[in-house]
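# Overview (structure and organization)
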Amino acid sequence: MALSNNTFCWNGIVSTDTAKTLAFFPEVLGWKTQEMEMGGETMRMFANNGVPLAHIRGPQMDGEASWWNNYLRVEDVDAVAAAVAKHGGEVVVPPTDIAPGRFATVKTPSGAHFSLFHEANADDKDRELGEGSVHWVDLHSSAIDKDLDFIHDALGLPTAEMQMPNGAYHILAPDTSTRGGAMQHMKPGAPAMWVAWVDVASVDDTLARVERNGGTVLAPAWEAEGVGRMAIAADPTGVAFGVITPPAAS
């Protein structure tokens, strides 16, 4: 059973101070740390309920800041990377084989980094949703029209528009399991980024833990009708992420 196509299936955290990041997320989100041998290298990872969900590494390029990398599962990493370059994006790390599969890191036209991935193990399964998991991923774009054209043409994903109080929101591949979206950035001048939203029992309690552990609240908690209670925070090194408490199932 392969991973579902067009699904955000993995996370990578780049930290300018990995010790701070490794200490922060277990205290704030309840994740555990794990070590795994991969290609002769020991990789440090976060796990939720024993299931690995993100690896942590230091910067590998001069001037690289802390950031959260979301991995989109695609059928053919090389073909999609070529389409990225053709349709206004940028290939930052070319298609490369690693132990878990093949990946490439790319940017949207507005500069939001993310990675493409295809698993090496055909028995890999989609991760279950629930508390502590990544519930949703969305693009906060500084040039939404260009990025939507890119999503359609380079990634081959249709979108469906829905109106929200802050403007139009675009669901990626609405008839699949993508669990992703795109919107115009609510903060003019802010850099474009893909935000991973982590399911938590209480957004407000989580934000209190963020501040107690040296993090920063970037966007205070708010209620989104039909979506849940949400907020955006960052770890002490600047790794940005969202937290969400979805509505209770009826």
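As shown above, the structure is provided for reference.
These numbers come from a predicted model, not from an experiment.

Conventions adopted
- Residues numbered from 1 in each chain as written.
- Predicted model: local features only at pLDDT ≥ 70, side-chain atom pairs only at ≥ 80, totals over all residues.
- Heavy atoms only, no water.
- Helix = DSSP H or I, 4+ residues; strand = E, 2+ residues; numbered from the N terminus.
- Rg over C-alpha atoms; globule rule 2.2 N^0.38 Å.
- Buried < 20%, exposed > 50% of the residue type's maximum accessible area, 1.4 Å probe, protein only.
- Contact = heavy atoms within 4.5 Å.
- Lys, Arg positive; Asp, Glu negative; His and termini not counted.
- Charge placed at Lys NZ, Arg CZ, Asp CG, Glu CD.
- Phe/Tyr/Trp six-rings, centres within 6.5 Å; stacked < 30°, edge-to-face > 60°.
- Pairing = 2+ DSSP bridges.
- Axes fitted to C-alpha atoms, helices over the stretch in contact; angles between N-to-C directions.
- Arc of directions from axis to C-beta.
- Core = buried A, V, L, I, M, F, W, Y, C linked by side-chain atoms within 4.5 Å.
- Salt bridge = Lys/Arg side-chain N within 4 Å of Asp/Glu carboxyl O.

Okay, the overall build of the protein chain next. In terms of helices and strands, the protein chain carries 4 helices and 16 strands. Taken over C-alpha atoms, the radius of gyration comes to 17 Å for the protein chain, in line with the 18 Å a tight globule of 250 residues would show. Overall, the C-alpha framework of the protein chain stretches about 50 × 45 × 40 Å when taken along its three principal axes. Counting over 250 residues, the protein chain shows a buried share of 46%. Of the contacts made within the protein chain by residues no fewer than 6 positions apart, 59% connect residues no fewer than 24 positions apart. Taken as two groups, the 16 positive and 32 negative side-chain charges of the protein chain have centres that lie 4 Å from each other.

Below, the discussion takes up the packing of aromatic side chains. Tallied over the entire structure, the rule returns 13 aromatic pairs. Ring geometry for Phe24 and Phe241: centres 6.3 Å apart, planes at 70°, overall edge-to-face. Taken together, the residues span a long stretch of sequence, with Phe24 in helix α1 (residues 18-29) and Phe241 in strand β16 (residues 240-245) at a distance of 217 residues. Across this residue pair, the class does not change: Phe24 and Phe241 are buried. A centroid spacing of 6.5 Å and a plane angle of 80° characterise the contact between Tyr71 and Phe117, whose relative ring orientation is edge-to-face. Taken as a pair, Tyr71 in strand β5 (residues 67-73) and Phe117 in strand β8 (residues 113-119) lie far apart in primary sequence, 46 residues in all.

Moving on to the pairing of strand β9 (residues 134-141). Judged by how many residues are buried, β9 sits mostly within the fold: 6 of 8 residues are covered. Pairing between β9 and strand β13 (residues 193-199): 6 bridges, direction antiparallel. Note on β13: the bridge partner recorded for His140 is Met193. When β9 meets strand β12 (residues 180-184), the two strands line up parallel, connected through 5 bridges. When the bridges of β12 are listed, Val137 appears paired with Gly180.

Attention now goes to the sheet that holds strand β10 (residues 159-164). Pairing within the open sheet is mixed, and its 8 strands lie in the order β10-β11-β12-β9-β13-β16-β15-β14. Since the sheet does not close on itself, it has two edges, and those belong to β10 and β14 (216-224), each with one partner. On average, each strand axis in the sheet is inclined to that of its neighbour by 25°, with strand direction left out of account. Here α1 sits on the sheet and contacts β13, β15 (228-234) and β16; the angle it forms with β16, its principal contact strand, is near 10°. Across the sheet, helix α3 (residues 144-153) lies against β9, β10, β11 (167-172) and β12, angled at about 155° from β12, the strand it touches most.

Listed in full, the buried residues belonging to helix α4 (residues 203-212) are Val203, Thr206, Leu207 and Val210. All buried residues of α4 fall inside an arc of 100° around its axis, so they share one side. Close packing links the buried residues of α4 with α1, β14, β15 and β16. Looking one or two places after α4, you find Gly214, whose phi comes out positive at around 85°.

Right, let's get into the nonpolar core. One broad rule of soluble globular proteins: the nonpolar side chains tend to lie buried together. Phe25, Leu29, Trp68, Leu116, Ile151, Leu155 and Phe241 are the most contacted members of the largest nonpolar core, which has 51 residues in total. Excluding its chain neighbours within four sequence positions, the residues that come into contact with Ile151 are Leu139, Gly156, Leu157, Thr159, Leu172 and Ala182. If you look at the next biggest cluster of nonpolar residues, it comprises 9 residues, including Met38, Met43, Tyr71 and Phe117.

Attention now moves to the pattern of salt bridges. Once their charged atoms are close, side chains differing in charge can pair, the charge on each being opposite to the other. According to the stated counting rule, one finds 8 salt bridges in the structure shown. Its salt-bridge partner being Asp78, residue Arg102 comes within 2.7 Å of it at the nearest N-O pair. Separated by 24 residues along the polypeptide, Arg102 in strand β7 (residues 101-107) and Asp78 in helix α2 (residues 77-86) bring together distant segments of the chain. Salt-bridge contacts for Arg229 lead to Asp204; the nearest nitrogen and oxygen are separated by 2.7 Å. A residue pair is termed long-range when its members are at least 10 positions apart, and Arg229 in strand β15 and Asp204 in helix α4 qualify at 25 residues.

The next point concerns unusual backbone geometry. Of note in the backbone geometry, Asn6 takes a positive phi value of approximately 60° without being a glycine. In this fold, Asn6 is placed in the segment before β1 (8-14). What makes Asn6 buried here is its relative accessible area of 15%.

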